[in-house]
Structures are given as structure tokens and as C-alpha cells.
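Chain residues, written in single-letter form:
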Amino acid sequence: MSFIHDDFLLQTKTARRLYHQYAAPQPILDYHNHLPPEDIASDRRFNNLFEIWLEGDHYKWRAMRANGVEEKYCTGGADPYDKFLAWAKTVPHTVRNPLYHWTHLELQRYFGIHDLLDEKTAPKIWEQANALLATPEFSTQGILAKFRVAALCTTDDPADDLAAHQVLAKSGIATKVFPAFRPDKALAVNDSQGFNAWVSRLEAASGVSIGSLSEFLDALDQRHAFFHSLGGRLSDHGLAYCYADFPSEADAAAIFDRVRAGQTAGADDHARFASHMMLFFGRLDSQRGWTKQLHLGALRNVSTRGTTGLGPDKGFDSIGDWPQSAALGAYLDRLQQEDALPKMILYNNNPVDNYPFATMIGNFQDGSIPGKMQFGSGWWYLDTKEGIEWQLNALSSVGLLSRFIGMLTDSRSFMSYPRHEYFRRVLCNLIGRDIENGEIPDDDELVGPMIENICYGNVRRYLGLEISEEPRS
């Protein structure tokens, strides 16, 4: 039997029935990822397995460095095949790391390759995969069709021109592709040079001359509306922790003016300005009926040498250990007091925050829609089998698992769509085990629709994206 077989991760008869009958048939709605929209609009074809699989994957780079692989084979200028071979040599050492599962799941689902990847099998796998990549089925749009991706949401800066999204909106591609609004740079007054350069880009994109805080907010509102016109219904913020030191409008304007004059904000002023901006962004999302995503708890760019030499997003980030609950609660409460609390998804990067986040959402459910406040799926270091189970267990214990909106890839790679299958198998294994233990009724009319909804139905209804495909069972 192949390592990745039909019942992979499904340890009971009930788990197997739930997965194959209810989870596997569902389409995918990948509502948060970092795929380049330009690659989709141009229907990019990949020249080799390195380009589609290793080109931007910091998960793999971290494992390779830990295995003693030189940087030239990770992010450097080595030949693509040599980089692939360095990864192949590393794979046997990733046993019990989810990379081992993902690697072989991806090889099989994309290319029908059942061999275990190592130094000996690498040449054959390289040739077999590259031959398939040369066919139309393996263009970016072909891949999205192959995995039945009904819709996806990329991650886009407010200053981006969204040219690729404009092309996609007019195209006949079956997968709907929407922008998601990621305004992290609007908070970064702790770097006056970088902030002012970004404001110049925002001016160009919005057509608004920005000489004051009010004009800055007008420009951001204009861009938010433009995202909306292209079908965007989600925003996203990557923060170490929530900001909840709310200044007056005059104080925020004074901070803005000083930074525009070239004075970098100190830590206190940065926190106050960021707090002001996060309230503004919450109001925008609420006004337009959007969903706000908060990704909290990553400690980024820890290695000075690595980050300075290679740049951000190269695998030098960790789990942070900041207190989260008080500031998060204060932020959500302030928006709710203003009747400006949008639908919201909270993601944590530290497992210690599982129960704080799972209980926090319950404070702000208001009966307006099912699951208005969501405890997001396992993210980054927690998108492992164990991390997924932790998140599901915490949400089940103190909230409504049946209203959960499920998994996303959070990936820069077009090879990541089996992550949804991985999640669905873990979910069905968990529920199947509970049924066989007598903790949940063995009733498909009760459990089957719940599985379908967690995999697709809930998120389709929750986000309100303009897509037509119905879940299939």
C-alpha cells in the first residue's frame, strides 16, 4: 500500500465514511493566501518542480537549514535542480514534521507520484513532474480547476494598482479571484522613511494628495471602495498584538504630521497611532459589510543577519509570547460600542492563546448572523495535525464547531491545495473517533451536513463573495 492511501489519517471506519461521503466532495474556498494574482491572470506555466514547489517556501528553507544545507540551495543562486536535490536529501529527515506528510501528499495529488522522495528517487521524480508541468493542466488556472477551487482571496496592499485583479474580473476563469485589503504599512509610523515612501505610493494609487491625517484616511477609504468594486469583502492585519491605546483625533493627527515631517514615532506614539488606525479600519469593514481578519502573535525577523542579508519572509520568524486578551478585548469592545464591529476572524500563532481566543469570540457574538465572530483555523506553526486538533478541540469546548468556516492555505505556493484535504482528514478523524467512542450520535443526518458546512458551506455563506458554485455531495 502507498504511504498516502485513500484512508490516510482516517483511523476508524466512521472517519473514513465521513471523509469520503461528506468532506472530500466539497469544493475549496481559499479565503486567505499569498498567491500572486499576476501569476493567475497570466495563467503562468512553471518550468520545473523547483519553481512551483520551492521558489518561495520558507517552511522548506527552515528544514533545509536545520539539516545543514547551505543558503545557496535555499534562497541563493544555485541551479534549480541542485536546490531540488538538496530538498530531496532533507525530506527523509523531516519524519514527524508535517512537511513529510505535505510533501508526499502534494507529489501524489499533483503528479500521481507514489514514491517516497529522497536522494535516490529525486531524478525520476524531477523528470516525471517536469513532464506534467509542461502540459496545460498544470498552468495556474489549470491547477485551480483541478482542485475545484471555487474562489480564492489574495493578500493585497492598499497601494497596489490591482491590475491583475481587474484582468481577472473580466476573464472567464472558473475560479473567482478576489483581492483582500492588507493595510499593515498604514500603521508603520515607527519607520518614517518607509512610511512616507508608502504614502507616496498610496497617493498615486488613490489620486488623493495626502497632506493631513484626514486626507490619509480619505485615500484609504477610496482604496477600500476600489477593492469592494472588484469583489473584495475581506481585510487582513498581521499584528504582534492588538493595539488598544486610543488617542483623540487631534493627537493622532499630530503624530501623523510629525512623521510626515520626517520624525519617526516612538513606541508610545506608534501604539497610539496604530490604535487609531485599527478603529478606522474596523469602521470601514463594518460599513461595507466586510470580514476582518486579525493574524496575531508572530515574532518576525528574529535573526538580524538572516533578515538583513535576505529580507523578510525568508524563514526567520517565530511564535511570539505577548499577552493578547486584554488589548484584544478592549479593541473589539470599542468597535462594538460604536456599532462598528464587523464580522471577524481571529487567528493565533501561539497555542497558549487557543482558549483565550476561543472564549473571546463568545463575548461579541450578537445574534445578527451565525458565527459572526470566528476563531480562525490553525495558522502558521499551528497548521499541523496536532495544531489543527488543538484549535478544533478548543472551539468545540467553548463555542460552536458547527458554525466554523474551516481551512485556508495561507500559502505562496500553487502546490499547497492538498492542505485543505489534510485539514478535512484531520477533522473527520476527530469526529469519527468521537462517534465510535459514543460521545456523538452515529447519525449522518446530524453530522454529515456539519462536515460539509465546515469544509465549504459555512464560509461560502459567511463571506458573501460573488460566487455561484454550490457544494457538492
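Each value, and the rule that gives it
- Residues numbered from 1 in each chain as written.
- Predicted model: local features only at pLDDT ≥ 70, side-chain atom pairs only at ≥ 80, totals over all residues.
- Heavy atoms only, no water.
- Helix = DSSP H or I, 4+ residues; strand = E, 2+ residues; numbered from the N terminus.
- Rg over C-alpha atoms; globule rule 2.2 N^0.38 Å.
- Areas by Shrake-Rupley, 256 points an atom, 1.4 Å probe, with all protein chains shown as cover.
- Phe/Tyr/Trp six-rings, centres within 6.5 Å; stacked < 30°, edge-to-face > 60°.
- Buried < 20%, exposed > 50% of the residue type's maximum accessible area, 1.4 Å probe, protein only.
- Lys NZ or Arg CZ within 6 Å of the ring centre and 35° of its normal.
- Salt bridge = Lys/Arg side-chain N within 4 Å of Asp/Glu carboxyl O.
- Contact = heavy atoms within 4.5 Å.
- Expected span 1.5 Å × (residues − 1).
- Pairing = 2+ DSSP bridges.
- Axes fitted to C-alpha atoms, helices over the stretch in contact; angles between N-to-C directions.
- Core = buried A, V, L, I, M, F, W, Y, C linked by side-chain atoms within 4.5 Å.
- Right-handed = clockwise from strand over helix to strand, strands pointing away.

Another aspect to go through is the overall build of the protein chain. Across its full length, the protein chain holds 19 helices and nine strands. At 23 Å, the protein chain has a C-alpha radius of gyration in line with the 23 Å of a compact globule built from 473 residues. C-alpha atoms of the protein chain, sized along the principal axes, occupy 70 × 55 × 45 Å. Element-wise, carbon and sulfur atoms account for 48% of the exposed surface of the protein chain, whose accessible area totals about 18,900 Å².

The subject of this paragraph is the packing of aromatic side chains. What the rule picks out here adds up to 27 aromatic pairs. Centre to centre, the rings of Y110 and F147 are 4.6 Å apart; their planes meet at 45°, and the pair counts as tilted. Residue Y110 is located in helix α6 (residues 98-111), and its partner F147 is located in the loop between α8 (140-146) and β2 (149-153); the two are separated by 37 residues in the primary sequence. Among the residues examined, F147 registers a relative accessible area of 14% and is labelled buried. Ring plane angle 85° and centroid distance 6.3 Å describe the contact between W198 and F216, whose orientation is recorded as edge-to-face. With a gap of 18 residues between them, W198 in helix α10 (residues 192-206) and F216 in helix α11 (residues 213-229) connect regions that are remote in the sequence. There is no split in this pair, since W198 and F216 are both buried. Ring pairing ties together the aromatic residues Y110, F111, F138, F147 and Y417, which thus form one cluster. A cation over an aromatic ring shows up here: R419 above the ring of W102, its NZ or CZ 3.8 Å from the ring centre.

As a further point, take the pattern of salt bridges. Pairs may arise between side chains of opposite charge once their charged atoms sit close together. Summed over all chains, the structure comprises 28 salt bridges. Note that E421 and R109 form a salt bridge whose closest N and O atoms lie 2.8 Å from each other. Within this pair, whereas E421 is found in helix α18 (residues 418-436), its partner R109 is found in helix α6, the two being separated by 312 residues in sequence. Residue R109 is classed as partly exposed on the basis of its relative accessible area of 22%. A single network of salt bridges, built from pairs that share partners, joins D39, R44, E51 and E55.

Here the focus is the environment of P342. Residue position: P342 is located in the loop between α15 (325-337) and β8 (343-348). Sequence separation of P342 and Q287 is 55 residues, and the distance between their C-alpha atoms is 8.1 Å. Residue contacts for P342: discarding those within four places in its chain leaves G282, D285, S286, W290, K292, L335, K372 and M373.

A word on α11. Compared with an ideal rise of 1.5 Å per residue, which puts 17 residues at 24 Å, α11 spans 24 Å between its outermost C-alpha atoms and is within 8% of the ideal. Positive backbone phi, approximately 95°, marks G231, located one or two places after α11.

The next thing to look at is the sheet that holds strand β1 (residues 28-30). What the three strands build is an open sheet, ordered β1-β2-β3; its pairing is parallel. Each edge of the open sheet carries a strand with a single partner, namely β1 and β3 (176-178). Pairwise comparison of adjacent strand axes, ignoring direction, gives a mean angle of 10° for this sheet. Strand direction decides the pairing type here: β1 and β2, joined by three bridges, are parallel. Residue pairing across strands places L29 opposite A151, the latter belonging to β2.

A word on the sheet that holds strand β9 (residues 373-375). Strands sit in the order β4-β5-β8-β9 across an open sheet of four strands; the sheet is parallel. Looking along the sheet, the strands with just one partner apiece sit at the ends: β4 (234-239) and β9. Taken pair by pair, the neighbouring strands of this sheet meet at an average axis angle of 15°, ignoring direction. The pairing of β8 with β9 spans three bridges and is classified as parallel. Within β9, the position partnered with M344 by the bridge is M373. Against the sheet, α15 contacts β5 (291-296), β8 and β9, and its axis sits at roughly 175° relative to β8.

Here the focus is unusual backbone geometry. Residues other than glycine seldom take positive phi values, yet R148 does so here, at roughly 55°. Position of R148 relative to the elements: it lies in the loop between α8 and β2. With a phi close to 50°, D410 is a non-glycine residue in the positive phi region. In this fold, D410 is placed in the loop between α17 (385-398) and α18. You can call D410 buried: its relative accessible area is 17%.

Once that is clear, we can look at the nonpolar core. Grouped together as the largest cluster of nonpolar side chains are 149 residues, with contacts concentrated most on Y31 and F216. It is helix α19 (residues 444-463) that contributes the most residues to this core, nine residues altogether. Apart from residues lying up to four places away in sequence, Y31 is in contact with C153, L234, Q293, I345, Y347, I405, G406, M407, L408, V459 and L463.

This part takes up the side chain of N350. Mapped onto the elements, N350 comes out in the loop between β8 and α16 (354-360). The residues contacting N350, other than those within four sequence positions of it, are I319, G320, D321 and L382.

Here we come to the pairing of β8. Most of β8 is tucked away: six of the six residues are buried. With burial as the criterion, each face of β8 is covered, one bearing K343, I345 and Y347 and the other bearing M344, L346 and N348. A crossover links β8 with its parallel partner β9, the connecting element being α16, and its sense is right-handed.

Quick look at the pairing of β2 now. Within β2, five of the five residues are buried, which leaves it mostly tucked inside the rest of the structure. One ladder, built from three bridges, connects β2 with β3; its direction is parallel. Each residue of the ladder has a partner; that of C153, found in β3, is F178.

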